[in-house]
Amino acid sequence: MQKIQVAYKDIVLPGGGPNEEFLASLRNQLKDLEAQGQEVMLVPELSAQDCKDVDAALEATAAYKHCARRVKDCQSVKGFEIPAVFASMERGGELADNFKAELLEKHPHYVFE
């Protein structure tokens, strides 16, 4: 299974809104992989600065939930990796559980690593 890095800085504009141009490009890439019969795990790329506290981590989760909505029709996407940065954070387990719950809300078939 192929892993595709999805950088937080690419899916969120400097003002905080979603980068729809990037998300459309990602969707096209995933549709191409789908046509080739490939399976993909999306890997959130977040830095400690992106997740400087719990509120920032929750904002990042919301951004990746939006990303998931934009690629929902891509059968190649099997799921997401849990953001690695959560493991080193206070309440990291809760943040990981929340990430899964938020994405599973509309994508019950996703798997998480």
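Analysis parameters
Residues numbered from 1 in each chain as written. Predicted model: local features only at pLDDT ≥ 70, side-chain atom pairs only at ≥ 80, totals over all residues. Heavy atoms only, no water. Helix = DSSP H or I, 4+ residues; strand = E, 2+ residues; numbered from the N terminus. Pairing = 2+ DSSP bridges. Contact = heavy atoms within 4.5 Å. Axes fitted to C-alpha atoms, helices over the stretch in contact; angles between N-to-C directions. Core = buried A, V, L, I, M, F, W, Y, C linked by side-chain atoms within 4.5 Å. Buried < 20%, exposed > 50% of the residue type's maximum accessible area, 1.4 Å probe, protein only. Expected span 1.5 Å × (residues − 1). Salt bridge = Lys/Arg side-chain N within 4 Å of Asp/Glu carboxyl O.

Chemist: Lay out unusual backbone geometry with the relevant residues and their values.
Modeler: You will see that Arg91, though not glycine, has its phi angle at about 65°, which is positive. Structurally, the position occupied by Arg91 is in the loop between β3 (77–80) and α4 (92–104).

Chemist: How would you explain the sheet that holds strand β1 (residues 2–7) if you had to name every residue and give the values?
Modeler: Strand pairing within a sheet occurs via backbone hydrogen bonds; the two strands may be parallel or antiparallel. One open sheet holds the four strands; their spatial order is β1-β2-β3-β4, and the pairing between them is parallel. Edge strands, defined here as strands with exactly one partner in the open sheet, are β1 and β4 (111–112). In this structure, strand β2 (residues 40–45) lies alongside β3, joined through three bridges in parallel fashion. Among the inter-strand pairings, Val40 is bridged to a residue of β3, identified as Val77. On top of the sheet, helix α2 (residues 20–35) reaches β1, β2 and β3; it is set at about 175° to β1, its chief contact.

Chemist: Give me the nonpolar core: which residues, what numbers.
Modeler: Of all hydrophobic cores here, the largest spans 33 residues; its most connected members are Ile11, Leu30, Leu42, Phe80 and Phe86. Of all the secondary structure elements, the ones that give two or more residues to this core are β1, α1 (8–11), α2, β2, α3 (54–70), β3 and α4. If sequence neighbours within four positions are ignored, Ile11 has contacts with Val6, Gly17, Pro18, Asn19, Phe22, Leu23, Ala63, Tyr64 and Cys67.

Chemist: If you had to explain α3 to someone new, which residues and values would you point to?
Modeler: In this model, α3 (17 residues) spans 25 Å end to end at C-alpha, consistent with the 24 Å of a helix rising 1.5 Å per residue. Of all the residues in α3, the buried ones are Val54, Ala56, Ala57, Ala60, Thr61, Ala63, Tyr64, Lys65, His66, Cys67 and Ala68. Elements that come into contact with the buried residues of α3 comprise β1, α1, α2, β2, β3 and α4.

Chemist: Talk me through the pattern of salt bridges; I want residue IDs and the actual numbers.
Modeler: Enumeration over the complete set of coordinates arrives at 11 salt bridges. Put simply, Arg27 and Asp73 hold a salt bridge, and the shortest N to O gap is 2.6 Å. With Arg27 in helix α2 and Asp73 in the loop between α3 and β3, this residue pair connects regions lying 46 residues apart in the sequence. On the accessibility criterion, Arg27 (27% relative accessible area) is partly exposed. Asp73 sits in the partly exposed class, given a relative accessible area of 31%. What you see here is one network of salt bridges that share partners, running through Arg27, Lys31, Glu34 and Asp73.

In short, shape yes, function no, at least from these values alone.
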